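So you can see what is in the structure, the chains are spelled out below.
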Amino acid sequence: MDVDSLTPVQKAAFDQLQALTNGGDPEVAIGVLSSVDWDVQRAAEVIFDGASPAPAPPREAPRIEEFEVDDSEQGLLSGRRGGREFRQVESNSFSTMVTRPIRLIFNILAIPLYPFFSLLRFIFRALRIPLPNFAPFTFSALSYRPLGPAQGREAKDPKSVAERWVRALEEETGAVCIGRSGRRHANGSSETVATGVAGPSNLNARGSSWDDAGVERDVKLLPDFFLGGYEEFARTCQKDMKIGCVVIVSEEHDDVAEFKRSVVSPMRAILCSYGHLSRSTLTDPALVRIIQDNDILVWGGDIRDREAWSASQKLQATTYPFVAFIALQPRRAPGGSAPPAPTMTILSRHQGPSIPSTSAPTAAQTLVTHLTENLLPRVNPFLAKLRAQEAERERERALRAEQDRAFEESRRRDAERAEQRAREERAAAEARKRAAEAEVRAVEERRKAEDAKKQWDAHRMAWRRWIRRGLVVREPRPGETGRGKTMRVGVRMPDGRRVVRFFGESDSVTALYAYVDSLFIPPEFIQDADPPTPPEGGWVGEDGLVGEMQRSGRPAEKWWGFRIVLAYPRREITWEPKKRIGDVDVLKGGAQVVVELVADGDSKGKRRAAAEDDAEDDEYHTEESD
């Protein structure tokens, strides 16, 4: 069995046995421990006393000791600081008093070597080689560092300060954060906390699947650090209901360097074959694995920065390095009362050196044992319960939101339908109103048209009676030659009546129109009662007729109200004043004519087809045809 394949508990037992035996063959130690069920005391008795390993007693189920939560500081987000302000941390250790002046002098003397040291730093960082420490000097001491809480540090935002600290930690330990190493869980995403914006949006969900490629190749890995201030980190732990790990260091303490990294030298590489090679706490694979697998958020900082100093005051740190675990825990409530809402609570504090690796307060093995045996079994169930309750509340909120959206959508559709119905009703009402108004206007226009027609009919009847008396000439007597050749004209009226009238060639076309017009006079108006003068005064004779047409504003055809056309071939005989009948070619020698009524909106082509049908055979012949 290989040392690297041991579990954390087995490795702790192996380290204790190696410390008791002052080193030795690792395979022999592992074989002895496995034969006594990894009991260190019995393995030591087998090695020192030469006793045979007794049969291992039956193992009982491991009983988890009662875990007392250190809740002396509940309500980490309350903002209470006890009136303390950020100030320079004064160290009283002798090493600090001695090394600080020497470092200052060494920094001044090393100014010409800055370019060379910068090149070495770049090479070490590119090759992922840890930067060597030479206490009381370190490689980082070759560059200028402010003494105490430098003002330049206070001027930067918490995210920049945290990112600078993480990068310095990577540079000093030769390790790299998991997020930037390219190694992920099987279900991990490509975003990381180390390179993203601080906050929950960049915190990846960690599963149980772990990529051991980095461990197999002995590549040091750091957990992903939260980039932001401590208050924001605590709020994120509270909101996401996760365990938070706070790491605070101070360059003024000698134990910090070993806590952050181990010095890898050729001598230690040789000793690796005889004993356990201690790893730094922050790069320990077992600790990094348990942090990743349990989705623990990690935040760190240097006491010289304001955020780290504020966190140390709230967490009551007394020495460094300092590690604390925080999470939501239930508050104490009086019996019988409703349990209050959980609050952020300090679960445990670990401060001091990280050596020896199996018993030191901040050693990786100590933290792993504390997490696996005490903290996680007690805290995870409560956080899982909180997350389940939050998921149920979120599901209910989503359900209510969906119901609200459905109700709002239904209300909107109902409002649209109601508005559509209202628009349709308004449109129908407007259409009915317009139809009623149009009907009223049509009735009024018809009434006016009827009144106007009655007035015009009465006016025309008066003129017809005067025309019959003043413009209709008598028929020529037999043998009379003073009016020219006699012509026989057959007239067919619109009502089907047929009449024959004789005219002389010297008679005017007005006489023909006057005769046809007189045929429209009802029988009750006798000829003897016709007026001797034109209606409304004016000239007599054809000149008075022309003057009436001009006053009425109507064309001759509309004024007469009819037209006279030759039956066959169809040709219209238009009225012209002073024109003789003998001058009309179609009337020479006599003719058969048809009378067509002309309305106000009538045209010349109206009733044309009916007139042609009636003119096919009128049973009248001219004198020449005889």
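Note that the structure is a prediction, hence the values are computed from the model and not measured.

Criteria and thresholds
- Residues numbered from 1 in each chain as written.
- Predicted model: local features only at pLDDT ≥ 70, side-chain atom pairs only at ≥ 80, totals over all residues.
- Heavy atoms only, no water.
- Helix = DSSP H or I, 4+ residues; strand = E, 2+ residues; numbered from the N terminus.
- Buried < 20%, exposed > 50% of the residue type's maximum accessible area, 1.4 Å probe, protein only.
- Contact = heavy atoms within 4.5 Å.
- Areas by Shrake-Rupley, 256 points an atom, 1.4 Å probe, with all protein chains shown as cover.
- Expected span 1.5 Å × (residues − 1).
- Axes fitted to C-alpha atoms, helices over the stretch in contact; angles between N-to-C directions.
- Parallel < 35°, antiparallel > 145°, perpendicular 65-115°, else oblique.
- Nonpolar A, V, L, I, M, F, W, Y, C, P; charged D, E, K, R; others polar.
- Pairing = 2+ DSSP bridges.
- Salt bridge = Lys/Arg side-chain N within 4 Å of Asp/Glu carboxyl O.
- Phe/Tyr/Trp six-rings, centres within 6.5 Å; stacked < 30°, edge-to-face > 60°.
- Lys NZ or Arg CZ within 6 Å of the ring centre and 35° of its normal.

**Student:** Report on the overall build of the protein, specifying residues and quantitative values.
**Tutor:** Counting secondary structure elements, the protein contains 19 helices and 13 strands. The burial tally for the protein puts 40% of its 626 residues in the buried class. Long-range pairs, those at least 24 residues apart, make up 71% of the contacts in the protein between residues at least 6 apart in sequence. Summed over its atoms, the accessible surface of the protein is roughly 34600 Å², and 54% of this surface lies on carbon and sulfur atoms.

**Student:** Just give me the short version of helix α7 (residues 158-173), but keep the residues and values in it.
**Tutor:** The terminal C-alpha atoms of α7 lie 22 Å apart, and with 16 residues this matches the ideal 22 Å at 1.5 Å per residue to within 8%. Within two residues after α7, Gly 174 carries a phi angle of roughly 70°, on the positive side.

**Student:** Explain the packing of helix α13 (residues 285-293) against helix α15 (residues 364-470) to me, using residue names and the numbers behind them.
**Tutor:** Running from amino to carboxyl end, α13 crosses α15 at an angle of 30°, the nearest separation of the two axes being 9 Å. Considering the angle they form, α13 stands roughly parallel to α15. Contacts between α13 and α15 involve Ala 286, Leu 287 and Ile 290 on the former and, on the latter, Leu 367, Val 368, Leu 371, Thr 372 and Leu 376. Residues of the contact of α13 with α15, tallied by class, amount to 7 nonpolar, 1 polar and no charged.

**Student:** Before we move on, can you summarise the sheet that holds strand β6 (residues 297-302) with the specific residues and values?
**Tutor:** The 4 strands lie next to each other as β6-β5-β7-β8, forming an open sheet whose pairing is mixed. Since the sheet does not close on itself, it has two edges, and those belong to β6 and β8 (343-351), each with one partner. The average angle at which neighbouring strand axes cross in this sheet is 20°, direction not considered. Note that strand β7 (residues 322-329) and β8 share 8 bridges and pair antiparallel. Each residue of the ladder has a partner; that of Ala 324, found in β8, is Arg 349. On top of the sheet, α15 reaches β7 and β8; it is set at about 20° to β7, its chief contact.

**Student:** A description of the pattern of salt bridges should follow, citing residues and the corresponding values.
**Tutor:** Two side chains of opposite charge can pair, provided their charged atoms sit close to one another. Counting across every chain of the model gives 36 salt bridges. Between Arg 397 and Glu 394 there is a salt bridge, with its nearest N and O atoms 2.6 Å apart. Separated by 3 residues within a single helix, Arg 397 and Glu 394 lie in helix α15, roughly one turn from each other. When salt bridges that share partners are traced, they join Glu 390, Arg 393, Glu 394 and Arg 397 into one network.

**Student:** So what's going on with the packing of aromatic side chains? Residues and values would help.
**Tutor:** One pass over the full model with this rule turns up 13 aromatic pairs. Among the aromatic residues, those joined into a cluster by ring pairs are Trp 463, Trp 466, Tyr 513, Phe 520, Trp 559, Trp 560, Phe 562 and Trp 575. Residue placement shows Arg 460 over the ring face of Trp 559; its charged tip is 4.1 Å from the ring centre. Taking NZ or CZ as reference, Arg 554 lies 4.0 Å from the ring centre of Trp 456, over its face.

**Student:** Break down unusual backbone geometry for me, with residues and values.
**Tutor:** Residue Pro 321 is reached from Tyr 320 by a cis peptide bond, and omega for that bond is 5°. Mapped onto the elements of the fold, Pro 321 is located in the loop between α14 (306-314) and β7. Pro 569 follows Tyr 568 through a cis peptide bond whose omega is -10°. With respect to the element layout, Pro 569 can be found in the loop between β11 (562-566) and β12 (571-573). Residue Lys 578 is not a glycine yet carries a positive backbone phi of 70°. Relative to the elements of secondary structure, Lys 578 occurs in the loop between β12 and β13 (591-597).

**Student:** Tell me about the environment of Leu 287, residues and numbers included.
**Tutor:** Note that Leu 287 resides in helix α13. With 84 residues separating them in the primary sequence, Leu 287 and Leu 371 have C-alpha atoms 9.1 Å apart. Excluding anything up to four places from it in sequence, Leu 287 contacts Thr 281, Leu 367, Val 368 and Leu 371.

**Student:** I'd like a description of the pairing of β11, backed by residues and values.
**Tutor:** Within β11, 5 of the 5 residues are buried, leaving the element largely enclosed by the surrounding structure. Residues Phe 562, Ile 564 and Leu 566 point to one face of β11 and Arg 563 and Val 565 to the other, with burial holding for every one of them. Bridging between β11 and β13 involves 5 bridges; their strand directions are antiparallel. Looking at β13, one finds that Arg 563 is bridged to Glu 596. Note that β11 and β12 share 3 bridges and pair antiparallel. From the neighbouring strand, Val 565 faces β12, where its bridge partner is Glu 572.

**Student:** Hey, could you go over the sheet that holds β13 for me, with residue numbers and the actual values?
**Tutor:** Pairing is mixed across the open sheet formed by 5 strands, whose spatial order is β10-β9-β13-β11-β12. The sheet is open, and its two edges are formed by β10 (498-504) and β12, each paired on a single side. Sheet twist, expressed as the average angle between the axes of neighbouring strands with direction ignored, equals 35°. Relative to the sheet, helix α16 (residues 509-518) contacts β9 (486-492), β10, β11, β12 and β13, its axis offset from that of β11 by approximately 115°.

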